[in-house]
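# Residue-level structural notes
Each chain is listed here by its residues.
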Amino acid sequence: MNTTPHSRRRFLQATAGLVGAASCSWLPQLAAAAGADPNRKRSCIVLWMAGGPTQTDTFDMKPGHANGGEFKETETNVPGLRFSEHFAGLAQQADKLAIMRGMSTREGDHLRGTYLMHTGQRPGGPLNYPSIGASLSKALEHNQSTLPNYVAVNPSGLLNGSALSPGFLGPRYAAATVGTRGAPPAEGSDAMADLGVDFLSLPPGIDTRRQDARLALWKDQQDQFLARHPSGAAEAQATIFQSAVKMMHPEAASAFDLSQESTEVRETYGRGTFGQGCLIARRLVERDVPFVEVTLGGGGLGWDTHQGNFPAVERLSKELDQGWSTLMRELSERGLLESTTILWMGEFGRTPNINNTAGRDHFPDAWTCVLAGGGIAGGQAYGQTDEAGSEVTEGKTEVQDLLATLCRAVGVDPATEHFSPQARPIKISEGHSIDQVLA
Amino acid sequence: MLRIAHVPVSCAVLLLAWTMALPAQDTSTDVSSETAKMQAMAARIDELVQTRLDREKATAAPLATDGEFIRRAYLDLVGNLPTVAQTRAYLDSDAPDKRQQLIAQLIKSPAYPTHLANTWRALVLEPSDDPQRLQNEQGLQLWLRGKFSQNVRYDRLVEEFLTATQGSDGPGYFYASQDLKPELLASETSRIFLGLQLECAQCHDHPFDRWKQQDFWGLAAFFAQLERPGNDNVIGLGRFDIVDRDMGEVTIPETDQVVPPAFPGSKADYASLGGTRRQQLAIWMVSRDNPYMPRRAVNWAWAHMMGRGIVHPADDMSPQNLPSHPELLDELTDYFIRSGFDLQLLLQTIAITDTYARSSEAVSDSEAPPELFARMAVKSLTPEQLYDAFLKVGLLKTDVTMMQQDGQRIQFVARLRTASKDRTFFDTGMPQALAVMNGPPVSTATSPETSGLLKALSAPFLTDEQRLNVLFLAAYSRPPYPDELKRYQEFLQTAEPGQQSAALGDVLWVLANSAEFMLNH
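Residues numbered from 1 in each chain as written. Chains lettered and ligands numbered in written order. Predicted model: local features only at pLDDT ≥ 70, side-chain atom pairs only at ≥ 80, totals over all residues. Heavy atoms only, no water.

- For chain B, the name recorded in an unreviewed UniProt entry is DUF1549 domain-containing protein, with Blastopirellula marina as its organism.

- With an unreviewed UniProt entry as reference, chain A is termed DUF1501 domain-containing protein, source organism Blastopirellula marina.

## A word on the overall build of chain B
- Looking only at helices and strands, one finds 26 helices and six strands in chain B.
- Each of the 521 residues in chain B was classed as buried or not, and the buried ones make up 59%.
- Considering only residue pairs separated by 6 or more positions, chain B has 70% of its internal contacts joining residues 24 or more positions apart.
- With an accessible surface of roughly 20,700 Å², chain B has 54% of that area assigned to carbon and sulfur atoms. (Helix = DSSP H or I, 4+ residues; strand = E, 2+ residues; numbered from the N terminus. Buried < 20%, exposed > 50% of the residue type's maximum accessible area, 1.4 Å probe, protein only. Contact = heavy atoms within 4.5 Å. Areas by Shrake-Rupley, 256 points an atom, 1.4 Å probe, with all protein chains shown as cover.)

## Re the nonpolar core
- Counting 116 residues, the largest nonpolar core has Leu 47, Phe 256, Trp 324 and Ile 342 of chain A together with Phe 517 of chain B as the members making the most contacts within it.
- When sequence neighbours within four positions are dropped, the list of residues in contact with Ile 342 of chain A reads Ile 45, Leu 47, Trp 324, Leu 327, Met 328, Leu 331, Leu 337, Val 370, Leu 371 and Ala 372 of chain A. (Core = buried A, V, L, I, M, F, W, Y, C linked by side-chain atoms within 4.5 Å.)

## Side note on the environment of Leu 454 of chain B
All names here are of chain B.
- Of note, Leu 454 is situated in helix H22 (residues 452–457).
- Classification of Leu 454 as buried rests on a relative accessible area of 0%.
- Separated by 194 residues in sequence, Leu 454 and Pro 260 have C-alpha atoms that sit 66 Å apart.
- Excluding anything up to four places from it in sequence, Leu 454 contacts Ala 445, Thr 446, Ser 447, Pro 448, Leu 471, Ser 501, Leu 504, Gly 505 and Leu 508.

## Overview of the sheet that holds strand E13 (residues 380–382) of chain A
All names here are of chain A.
- Reading across the sheet, the nine strands line up as E7-E6-E5-E8-E1-E9-E12-E4-E13 and stay open at both edges, with mixed pairing between neighbours. Every other strand in the sheet has two partners, leaving strand E7 (195–197) and E13 as the edge strands with one partner each. For this sheet, the mean angle separating the axes of adjacent strands, direction not counted, is 20°.
- Note: strand E1 (residues 43–49) against strand E8 (residues 291–296), six bridges, orientation parallel. Bridging across to E8, Trp 48 finds its partner in Thr 295.
- The strands touched by helix H12 (residues 399–409) within the sheet are E1, strand E4 (97–103), strand E9 (340–346) and strand E12 (367–373), with E9 carrying the most contacts at an inclination of about 160°. (Pairing = 2+ DSSP bridges. Axes fitted to C-alpha atoms, helices over the stretch in contact; angles between N-to-C directions.)

## With respect to helix H12 (residues 213–220) of chain B
Residues and elements named next belong to chain B.
- In terms of residue burial, H12 counts as a mostly covered element, since seven of its eight residues are buried.
- Every buried residue of H12 is accounted for by Gln 213, Asp 215, Phe 216, Trp 217, Gly 218, Leu 219 and Ala 220.
- Of the surrounding secondary structure, the elements contacted by the buried residues of H12 are helix H11 (182–194), strand E3 (250–251), strand E4 (258–259) and helix H13 (277–286).

## So, the environment of Leu 336 of chain A
- Tracing the backbone shows Leu 336 of chain A in the loop between helix H11 (309–333) and E9.
- Along the primary structure Leu 336 of chain A and His 118 of chain A are separated by 218 residues, whereas in three dimensions their C-alpha atoms are 24 Å apart.

## Thoughts on the interface of chain A and chain B
- With 65 residues of chain A at the contact, the number on the chain B side is 73 residues.
- Across the interface of chain A and chain B, roughly 5,500 Å² is buried in total on both sides, 59% from carbon and sulfur atoms.
- For the interface between chain A and chain B, the tally reads 17 residue pairs in polar contact (both at pLDDT 80 or more).
- Elements with a contribution of two residues or more to the side of chain A that touches chain B: helix H1 (5–19), helix H6 (208–228) and helix H7 (232–248) of chain A.
- The element contributing the most residues to the side of chain A that touches chain B is H6 of chain A, with 13 residues. (Buried area = accessible area lost by both parts, 1.4 Å probe. Polar contact = N/O pair within 3.5 Å; in protein donor to acceptor, adjacent residues only side chain to side chain.)

## What to know about the pairing of E8 of chain A
Residue and element names in this part refer to chain A.
- Among the six residues of E8, six are classified as buried, and the element is accordingly described as predominantly covered.
- Residues Phe 291, Glu 293 and Thr 295 point to one face of E8 and Val 292, Val 294 and Leu 296 to the other, with burial holding for every one of them.
- Across four bridges, the pairing between strand E5 (residues 150–153) and E8 is parallel. Paired with Tyr 150 across the bridge in E8 is Phe 291.

What follows is the structure in structure tokens.
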């Protein structure tokens, strides 16, 4: 790479322009975060429940009421805090969970709710807002890392494209997506879900020997152009493509290679895409990746249980419990849970009353999300719904407040401003963080 | 006093009928005098740029080589690379005016309005990576393409855009995307057509800015009377008809203060102009002596060709943000108005200057700052240009107009859509780079099984040198330099028999992923 003083100067100018004034407001914040935890950056994992999970059969049960349904409650390691019986693993770690039972939003449509929960904004406006993953990975980013700052595992095929999008932050902050390779294992099969990063592998017919030969020629080609055409655009192209090449290097790519884990560990997480995705999340957090989102219920909006709610929720709950509780246990064993905040959410909740096809319908009025891990005061339920579960009676929480709380938990000021293309300052969240659930 | 550039909106239909009835006036004397005026203006541009360079004691870069120039002109004016045959013909031509001939030919090509419509769609709408939204934008893009292919007077284009009522008529999508909100429509239309960023005055008077809250809300008041009709005629997702009512006002937020319509920086009385509020605004905007509208158009055209505006950023022409070449901006604006707001002529005039034809190579370490235009800026390709360029080097498809609806293209464009409107940035990320390196269309264009170019090059009578020549012409519009030729010849010689085509594919992969390919220089 050309490093004459003047090309370096231009590159710095170009880079400065790119982050622009935005950097001014978050630099002090970064400094503060580093002060609190000098040795490592924080990470955030969103566990995304596609379809909208039922609060009444998971974390806000109504035993004894007609709405309560078939499941029993189980005691947890926090006296008085009870979950569904299908969360045996999580029940042992309830002291690390804050159950947000007062969620109240205004979008009852899958795509609109997905966008709302990811961006804090209702869809349809003139601005394309960045998803919380893009905003937080920008605020927490690791410039030196060979891994992407924002990884989405198995995002739903039906998901609105703009929900995971970097919006006005631009493609530099887009998620690298991890998807299934080949057919997912059939129901009841012994096979493990095979996950991989989109476009990380060489195209068919290109082996590493050929790739190395290509890259040797490519380096010369790049150096030659940069020397003749020093410019911000050329330096940025070279840098970004070089980091993509580094990412393909076995050492970096191995972060996603689950064959390096023992079969026993992989089994503990669960064989499906969610369990294996949680394992990828742990491997990425170990390597300081700031933001990972793992989806459960993917392509088919699994939690959308309009019919036959109970068997579906039982199956999904067990899969969720296995992956999530193993993830927390392993992070904790590695000393990483304190610096990793987990947010469990879907696009909305489901009606407390059971419909005549034994299902529950869309319900944004009163539902539940869960915060866990680093920066969170666990072992509590914040907010409350009435006996029937039909309205919030205490601690009403809007999405902006939830996201503001998440920001605080990872040490980012929610008022951190990023700039729209018209240089309009936009805060990550306009909401107020809920101090009671912050550690 | 307002001087109206042409007949106001209410008579536009009549005027259109009249102009269409006119016989063609394309006599040769008119053409040559037009050309002479254009050449004189181009020379004047070069003179004014040179004067500033002299004053700063800076040296201009030499003129670009033919290969550098043809690639740049194709990308800027028609949005795609030239073919190998087009490049060869241009390199081989001895015509003294071949640069001007090329520009004249490109600007008449059907790909010119397509590319310009693409560029303007990106200027008008926020970037989106949502495929659904991208498809919705097609209506606006088609409308723009129609205007540019007829070379409609720019002032009339602005007027039609501002007063659109039919959702099926392109601009309906712009109004929909701004939710019909007066404050959003005011800040976007003033940015797009006036180069004014008034929105900072939306919430408060800025101490250093001449624009006050009254200015902002006065402009917003022109959009205060819009609504969707009751019999909602929804044409496709995100487009709808618009009705101008005769009631509805704006108030400054958190006050009861109603702000009447007012033109920014002007005492002209809106009420003396007839028609709806939007028509009144349009009449003011397109009047000959509007201080902002034609200057903004000129600055856009300059920025489109040169990578940065005479005022930079190009859409922020506030009085605090001074032009690098004030005289040049004034004279070009005057030229643009006198030409009858002819955007095509304006682009053509800039394209035939020596300033546009300068090399993008740095000549010395102490080079002139970019606002002196001493050398051509290095610009990123748009995602559309990039996709089409990959197809072109693989000779996979040649008809650009057919590509518009290609699903893979829409996906690719969605993935690489940038947030920055400044093309001197390369604004993309690692996941996108991976997709380019390992995914289609590059993998298709560089694989011997699917690449038309590699198949054509497998002819046994060709030498490696000839093959490499074709690859370089296809990707870079230039033959390889001697050291490149040597390097790649050696590489091809190491390939096993039967792997020749694959090795050529490797070379094409290297070129397709290089900065020289992915940038317009």
